[in-house]
Amino acid sequence: MPTFYLDDQAIEFEPGEKIIAAAKRAGIDIPHYCYHPALSVVATCRMCLVDIVDMGNGRPAPKLMTSCSTDAAEGMKILSQNEKVVEGRELVMEFLLVNHPLDCPICDQAGECTLQDFSFEYGSGNSEMEYSKRVYGWRDIGTFVTLERNRCIHCTRCDRFTREITGTNEFGVFNRGHQLTVDTFTDQPMTNKFQGNMADICPVGCITEREFRFKKRAWKLKKTNSICNRCSTGCNITVEEDKNKVFRFKPRENQEVNQWWMCDDGRISYRDYGKNKNRFLQPMGRVKGNLVKASWDQIFEALKSRIADLSPNPNEVVALSDNFASNEELFLLKKMLADVFDSDKIFFPLRAWSQHETAYPIDSLITTDKSPNRAGAIALGLLGDEDDAKLKEALSETVKIAFILGNPFNEDNEILELLAKAELIVYIGTENNHWTEKADVLLPGQTHVEKEGTFTNKNSRVQRSNIAVKAPKETKPEWMILTELIQFMGKDADFHTSRAVFEAIGASNDHFKGMTFDSVGDLGSLLTSI
Amino acid sequence: MFSPEGQKKAEHILSRYPIKMNALLPILHLAQRENKGYLTPEWLEHVAEVCEVPATHVEGVATFYTMFKFRPLGKYHLQICTNIACGLCGGEKILEHVEQRLDLHAGHTREDGQFSIEEVECLGACGYGPVMIVNEEYHERLTVEATDKIIDELEKNTKELPEKILPLDRPLTA
Amino acid sequence: MLEETLVLFKNVRQPGYSGDLASYQSSGGYSALKKALKMKPEEIVNTVKESNLRGRGGAGFPTGLKWSFMAKGTGKPSYLVINADEGEPGTFKDREIMLKEPHMFLEGYMIGCYAIGCHHGYIYVRGEFVPAMQRLQEAIDECYQSGLLGDKIAGSDFKLDITLHPGAGAYICGEETALLDSLEGRRGQPRTKPPFPAVAGFNGCPTSVNNVETLMNVPSIINDGAEAFKELGPPNNAGTHLVSLSGHVNNPGVYELKMGVNLKDIIYDIGGGILGGKELKGVIPGGSSTPVLRPDEIDIPYDFDSLAKAKSMMGSSAIIVFNEDTDVVKFLYRIVKFYNHESCGQCTPCREGTNWSRLMLRQFVQQQGTPQQLKRLYRVGGNMMGTTLCPLGDACAMPLRAFLEKYPEEFQAHFAEAS
Ligand SMILES: Cc1cc2nc3c(=O)[nH]c(=O)nc-3n(C[C@H](O)[C@H](O)[C@H](O)COP(=O)(O)O)c2cc1C
Ligand code: SF4
Ligand code: SF4
Ligand code: SF4
Ligand code: FES
Ligand code: FES
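*Asks:* Whenever I open this one, the environment of Val-329 of chain C confuses me. Can you help?
*Replies:* Residues and elements named next belong to chain C. With respect to the element layout, Val-329 can be found in helix H14 (residues 328-342). For the pair Val-329 and Thr-192, spaced 137 residues apart in sequence, the C-alpha to C-alpha distance is 34 Å. Sequence-distant contacts of Val-329, that is, excluding residues within four places in its chain, are made with Leu-361, Phe-364, Val-365, Glu-410, Phe-411 and His-414.

*Asks:* Mind showing me how you'd approach the pattern of salt bridges here?
*Replies:* Side-chain pairs of opposite charge can arise where the charged atoms are in close proximity. Per the stated rule, a full pass over the model turns up 65 salt bridges over all chains. We note a salt bridge from Lys-84 of chain A to Asp-51 of chain A, for which the minimum N-O separation is 3.7 Å. Residue Lys-84 of chain A is located in helix H2 (residues 83-98), and its partner Asp-51 of chain A is located in strand S3 (residues 49-54); the two are separated by 33 residues in the primary sequence. By relative accessible area, which is 43% here, Lys-84 of chain A ends up partly exposed. Under the relative-accessibility criterion, Asp-51 of chain A is labelled buried at 6%. Across the salt bridge formed by Glu-128 of chain C and Arg-126 of chain C, the nearest N and O atoms sit 3.0 Å from each other. There is no split in this pair, since Glu-128 of chain C and Arg-126 of chain C are both buried. Overlapping salt bridges bring together Glu-112, Lys-223, Glu-240 and Arg-248 of chain A as one network.

*Asks:* Explain the site of ligand 3 here, please?
*Replies:* In the vicinity of ligand 3, the contacting residues are Cys-228, Arg-230, Cys-231, Gly-234, Cys-235, Met-262, Cys-263, Gly-266 and Leu-365 of chain A. Partitioned by chemical class, the residues of the shell around ligand 3 number six nonpolar, two polar and one charged.

*Asks:* Would you explain the pairing of strand S6 (residues 253-258) of chain C in this entry?
*Replies:* Strand residues, when the strand is regular, have side chains that alternate between the two faces of the sheet. Residues and elements named next belong to chain C. Among the six residues that make up S6, five are buried, leaving the element largely enclosed by the rest of the structure. Relative to S6, strand S5 (residues 240-247) is paired through six bridges, and the arrangement is antiparallel. What sits directly across from Leu-245, in S6, is Gly-253. Between S5 and the antiparallel strand that follows it, S6, lie five residues.

*Asks:* What's the story with the state of the cysteines in this structure? I'm lost.
*Replies:* For the structure on display, the rule yields zero disulfides over all chains. Just so you know, Cys-396 of chain C is unpaired, no disulfide at all, and the nearest cysteine sulfur is the one on Cys-350 of chain C, 7.2 Å from it.

*Asks:* What is the right way to look at the sheet that holds strand S3 (residues 161-166) of chain C in this model?
*Replies:* For sheets, the rule is that strands pair by backbone hydrogen bonds, running either parallel or antiparallel. Residues and elements named next belong to chain C. With respect to topology, four strands assemble into an open sheet ordered S3-S2-S1-S4, the strand pairing being parallel. Looking along the sheet, the strands with just one partner apiece sit at the ends: S3 and strand S4 (207-211). The mean inter-strand angle of the sheet, taken between neighbouring strand axes irrespective of direction, is 25°. Pairing between strand S2 (residues 120-125) and S3: six bridges, direction parallel. By the bridge assignment for S3, Ile-123 is matched with Leu-164.

*Asks:* Mind showing me how you'd approach the interface of chain B and chain A here?
*Replies:* Interface extent is often summarised as the accessible area lost during association of the parts. Taken residue by residue, the interface counts 13 residues in chain B and 13 residues in chain A. Interface area, chain B with chain A, both sides summed: about 1,000 Å², of which 61% is carbon and sulfur. Interface area lost by chain B to chain A is led by Thr-56, Glu-59 and Phe-64 of chain B, which between them contribute 46%. At the junction of chain B with chain A, the criterion picks out zero salt bridges. The tally of links from chain B across to chain A stands at five residue pairs in polar contact (both at pLDDT 80 or more).

*Asks:* Teacher, can you tell me more about the domain arrangement of chain C here?
*Replies:* Residue and element names in this part refer to chain C. In terms of domains, chain C is made up of domain 1 (21-230), domain 2 (240-323) and domain 3 (328-418). Put simply, the middle of domain 2 and the middle of domain 3, counted by C-alpha atoms, are 23 Å apart. The interface is formed by 14 residues belonging to domain 2 together with 13 residues belonging to domain 3. Across the contact surface, domain 2 and domain 3 share three salt bridges. Between Lys-281 and Glu-410 there is a salt bridge, with the nearest N and O atoms lying 2.7 Å from each other. Across the contact surface, domain 2 and domain 3 share seven residue pairs in polar contact (both at pLDDT 80 or more). At the level of elements, strand S8 (280-284) and strand S10 (318-323) are the ones that each hand at least two residues to the side of domain 2 that touches domain 3. With three residues, S8 is the single largest residue contributor to the side of domain 2 that touches domain 3.

*Asks:* Help me understand the packing of H2 of chain A against helix H15 (residues 348-365) of chain C, please; the structure alone is not making it clear to me.
*Replies:* Describing two packed helices takes the angle between their axes plus the distance from one axis to the other. Between H2 of chain A and H15 of chain C, the shortest axis-to-axis distance is 9 Å and the interhelical angle comes to 65°. By crossing handedness, the relation of H2 of chain A to H15 of chain C is classed as left-handed. Along its contact with H2 of chain A, which presents Val-92, Glu-94, Phe-95, Leu-96 and Val-98 of chain A, the element H15 of chain C presents Thr-348, Pro-349, Arg-351, Glu-352, Gly-353 and Trp-356 of chain C. Split into classes, the residues belonging to the contact of H2 of chain A with H15 of chain C amount to six nonpolar, two polar and three charged.

*Asks:* Please clarify how the site of ligand 1 should be interpreted in this entry.
*Replies:* Residue and element names in this part refer to chain C. The environment of ligand 1 is made up of 17 residues, and the closest members are Gly-57, Lys-66, Asn-83, Asn-211 and Thr-214. Asn-83 has a polar side-chain atom sitting 2.9 Å from an oxygen atom of ligand 1. Between ligand 1 and the protein, one listed contact pairs an oxygen atom with a side-chain N or O atom of Asn-211 at 2.7 Å. For ligand 1, whose free accessible area comes to 600 Å², the fraction covered by protein is 90%. The biggest single contributor to the shell around ligand 1 is S4, with three residues.

*Asks:* Which parts of the structure should I look at to understand the packing of helix H8 (residues 327-341) of chain A against helix H14 (residues 498-508) of chain A?
*Replies:* All names here are of chain A. Running from amino to carboxyl end, H8 crosses H14 at an angle of 70°, the nearest separation of the two axes being 9 Å. As summarised for this structure, H8 and H14 are arranged roughly perpendicular, according to the angle between their axes. The way H8 lies across H14 gives a crossing that is left-handed. Within the contact between the two elements, H8 uses Asn-327, Glu-328, Phe-331 and Leu-332 and H14 uses Ser-498, Val-501, Phe-502, Ala-504, Ile-505 and Ser-508. Along the lines of polarity and charge, the residues of the contact of H8 with H14 split into six nonpolar, three polar and one charged.

*Asks:* Explanation requested: the interface of chain B and chain C in the structure shown.
*Replies:* Taken together, the contacts link 51 residues of chain B with 70 residues of chain C. Between chain B and chain C, roughly 4,600 Å² of surface is buried when both sides are summed, and carbon and sulfur atoms account for 59% of that area. Of all residues in chain B, the largest losses of buried area upon contact with chain C belong to Phe-64, Ile-84 and Leu-88 of chain B, amounting jointly to 15% of the total for that side. On the surface where chain B and chain C come into contact, there are four salt bridges. As a salt-bridge pair, Lys-337 of chain C and Glu-119 of chain B come within 3.5 Å of each other at their nearest N and O atoms. Taken together, the connections running from chain B to chain C amount to 25 residue pairs in polar contact (both at pLDDT 80 or more). At four residues, the largest contribution of residues to the side of chain B that touches chain C is made by helix H2 (residues 24-34) of chain B. Looking at the side of chain B that touches chain C residue by residue, the class counts come to 30 nonpolar, eleven polar and ten charged.

*Asks:* Looking at this structure, I do not really get helix H13 (residues 478-488) of chain A. What am I missing?
*Replies:* It helps to recall that an α-helix has 3.6 residues per turn; residues three or four apart then point in one direction. Residues and elements named next belong to chain A. Every buried residue of H13 is accounted for by Glu-478, Trp-479, Ile-481, Leu-482, Thr-483, Leu-485 and Ile-486. Buried residues in H13 make contact with helix H7 (296-310), H8, strand S18 (401-405), strand S19 (424-429), strand S20 (441-444) and H14. Gly-490 sits one or two residues past H13 and shows a positive phi near 80°.

*Asks:* What exactly am I supposed to notice about helix H3 (residues 41-51) of chain B here?
*Replies:* Taken residue by residue, H3 of chain B has Trp-43, Leu-44, His-46, Val-47, Ala-48, Val-50 and Cys-51 of chain B as its buried positions. Buried positions along H3 of chain B lie against helix H1 (4-15), H2 and helix H4 (55-62) of chain B.

*Asks:* Help me understand the sheet that holds strand S4 (residues 65-66) of chain A in this model?
*Replies:* All names here are of chain A. Here we have five strands laid out as an open sheet, ordered S2-S1-S5-S3-S4, and mixed in their pairing. Of all strands in the sheet, those bounded by a partner on one side alone are strand S2 (9-12) and S4. Across the face of the sheet, H2 comes into contact with S3 and strand S5 (77-79) while running at roughly 160° to S3.

*Asks:* Before we go on, may I ask you to explain the pairing of strand S12 (residues 236-242) of chain A in this structure?
*Replies:* Residue and element names in this part refer to chain A. Of all seven residues making up S12, seven are buried, and the element is well covered by its neighbours. Judged by which residues are buried, S12 turns out to be covered on both faces: Asn-236, Thr-238, Glu-240 and Asp-242 on one side and Ile-237, Val-239 and Glu-241 on the other are all buried. By the bridge criterion, six bridges tie strand S11 (residues 222-227) to S12 in an arrangement that is antiparallel. Note on S12: the bridge partner recorded for Thr-224 is Val-239. As defined by bridge partners, S12 adjoins strand S13 (residues 245-251) across six bridges and the pair is classed as antiparallel.

Calculation notes
Residues numbered from 1 in each chain as written. Chains lettered and ligands numbered in written order. Predicted model: local features only at pLDDT ≥ 70, side-chain atom pairs only at ≥ 80, totals over all residues. Heavy atoms only, no water. Helix = DSSP H or I, 4+ residues; strand = E, 2+ residues; numbered from the N terminus. Contact = heavy atoms within 4.5 Å. Salt bridge = Lys/Arg side-chain N within 4 Å of Asp/Glu carboxyl O. Buried < 20%, exposed > 50% of the residue type's maximum accessible area, 1.4 Å probe, protein only. Near = heavy atom within 4 Å. Nonpolar A, V, L, I, M, F, W, Y, C, P; charged D, E, K, R; others polar. Pairing = 2+ DSSP bridges. Disulfide = S-S within 2.5 Å. Axes fitted to C-alpha atoms, helices over the stretch in contact; angles between N-to-C directions. Buried area = accessible area lost by both parts, 1.4 Å probe. Polar contact = N/O pair within 3.5 Å; in protein donor to acceptor, adjacent residues only side chain to side chain. Domains from an automatic or database assignment. Left-handed = near helix turned anticlockwise from the far one by under 90°. Areas by Shrake-Rupley, 256 points an atom, 1.4 Å probe, with all protein chains shown as cover. Parallel < 35°, antiparallel > 145°, perpendicular 65-115°, else oblique.

This is how it looks when you write it as structure tokens:
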């Protein structure tokens, strides 16, 4: 590969690659504002100036060049730290701050603001500008984001986002020169389904998430890599939390899945992990018609003896999972049914679905398939079909025991009524719902952000979600509940971590052959065979 | 929204460009004239349809150029150059005089809707300064007296002003 | 006594010359077009290259060379776009051409289109030039009527249409990439280069942008040959050019002069000396963006290279003369205010720097300057230099620096009483 030299470090590049991009791949961040790898190059902020002392032909560039717009060339020698460059950057910073309110103490971007960062590094801290600053009004422009234009540094990333990424064109750059401003068409609200991303790409606190406004200082948040579970795309995210409270989801770059983006629905799903009055936090069993709290041991004992009493035939036991179960959970549920009851009647809502496609790749994030692990369920051999014919057939025979994971099939009364006839209903979930009335045993599981697991997205990519917050004391992750249940019933299940469960899947299922948490990594990997 | 005649002109303009967006500036000029000299959000949206571009794009373009207005102008739009060459020859004096005489500040329109004054940048006639454009007509080498004479005629409505016709409005002879 | 050399304005200076098609043709007009249409396009490009014709829009780039850069074999149409956005304060020659001798320009334009294979030409005229546009459109109509434009121009197999495109009030659209964006129907903001217009210009097609006057030189180059053209000026500064003379001179106007004549002679012989017999204070030699010259610096040849040597520029050949009564501070304020008003605003140093400089200068105008501020003005204004996306930032910084360097006493005279 051809090579150039940045401050004496040799950097390889693809022909046609810009200096800033090649440097980034080599781990060097050249300060920048207007450049974004997803957007067209405008080279207007002038922050990324570098000194090209040899353009690769022995001659220096006539002036400082913007590294975001200059193609790397074989043998190029570039300085990014010499006096000339630092001076140039200081100058750009000074100009950017001339009209900036510097209201960091009340700005939601503070802590993750590149203007704040660079002004610390390159700015003198106090502006010599002694005239009143430019003032625009605060504007509420969407369901999701707000616009505080006094902080705008006119990088036009937002404008390019609605032009080039969503194609919705709600945003524009208006006026010119010193009056330049960004806004929506004659003050109409934004409509695209990806507005949160504009808050992400705005390098300053001009566009911010309304959800997050004034809620928390960004630098206090602890971030954990995870994935969104609101649809089968499985956008990579970070779960951002402080003192065990989730404040927001942010997209995490994964070029194979969501690039830099996520949809607003997924982004606000963080709300589901706040305080939940409906949550049940202890195992419970039905005694003379009433639910009574119990310890895990008590409840497993009781369950064991009840099952022995019922001594069901294999076809009298079913298990139903909702959309949100991980590969590990489905694997163990299936294993329990097979090992303990010799049954294979495990069902998953496999619905017809379609993919939203337009000329804009970001739209392909949105699918009608709201099941984050549909492909996993299929790979693991769960049963199901579009109109639940198989399930209904199974339920038309006598069902003595039903295991319910989450809240499955809750939209179909016929199924629910058939199920209610079972003599023993074991509900594994997190919150009280209609199952609370129907179940004989309630086992408290954990939420998506409290446990770890893998999910297989619509493109058969296996991805990991991790533990971001501590779960309530008496609850257990579903994989653990199922493992212990199998053990209690006298069968083999020697798993101490979800990692071990996944390895067992890798060892026994051809689709997952040889896969481990490590091989899946932070960015996921495709099923071995589809 | 274009009148039938305006529609015809618009179609002629569009026919001169490889893609419709290219015609945006002349079409905006046309729309502005159809709407008595200024643009409204409705017109911006209409132009967006005609040129097959997003309305935000049209607003972005229209607000970039000084000749597009978003408020009604007076019947007579006096644009006076005070840039350096005219300035050396007294352009500012002419502006001040006109402001005083019409009791109107530059950048404003008189309440009776007769006059608007605008202080403008170089009009490309620097050797013949001071220069003023009345609607579309250039007036050069102005003195206070000459300016007064022009305004006299405007006030009495005796001055004949050429109709503003942009080249693309005309049917092509070929 | 310096006099005009008439090539471009040879007809214009004839009493009673109307500039319509008949009058232009009766003085030999469109003979060069007919000659050119019999030549190979490459031959024309080479002839123009040999003639050393340099662009008259401001940058002085060799025209033939620019044409030879046009990407070939792309399968896309090629364009030759005319820059008639004339807006640099002090410059008013293109308007003069369009009003008085539109056909000589059009003839040159048609030859240029033939040379680079352009079948639809666009002339971007600044929006305020309504009378000039009307005059030019009449000339274009005449050409269509007499078969000089259309499907088979002047009896050849070459098809050519020309469309006048009105600007709408933005000086920055004179910068060639901003002009192309504007012509495409966008905000007139300069583009980052590469790609250069010769590769991806109008609608992404190979494009050359040229000034009105540049093209007007082409008919005589075709008729009289490259050598004759070169002989009209010093080496590397060939031909005559139209000089816009304004400000405090007795005879302002547009004059056709050989390159390399003495600048002082232009002011005193052609311009008839300083208005009202006053003392000369300074000369801006090439439009408002070019560094000012003090009276002792003007005894130099007036061409691209000599002015560069004098650390200024010939720009668009626009000479602005000012006399001893001129308040230099106010003068500079007005220049900076202009660039501030015309900044497209996309890049940081120009958007913020032109405005900040204007505010500081306004304080000086109001007799409220301070020594500290003078230093800051030089730093802030000067620092725009070389960091902006397009040359408009430089165009503001250059005169600013030059005025501060050459007239420091004038700025000190505007300090507030206390300091
Ligand atoms: C800010 C700015 C304004 C300009 N304005 C004009 C102009 O009004 N007319 C013009 O012909 N060239 C202008 N130019 C120069 C053009 O960019 C370009 O160099 C020219 O049109 C090329 O034509 P030429 O090679 O025939 O000179 C301007 C350049 C800049 C940077
Ligand atoms: S709002 Fe943010 S993204 Fe948009 S131009 Fe301003 S600083 Fe850039
Ligand atoms: S597209 Fe799907 S996975 Fe991505 S954020 Fe939205 S709901 Fe979540
Ligand atoms: S230098 Fe000024 S005019 Fe040129 S691109 Fe930058 S902001 Fe626009
Ligand atoms: S990042 Fe290169 S100019 Fe903005
Ligand atoms: S300065 Fe007034 S027309 Fe040029």
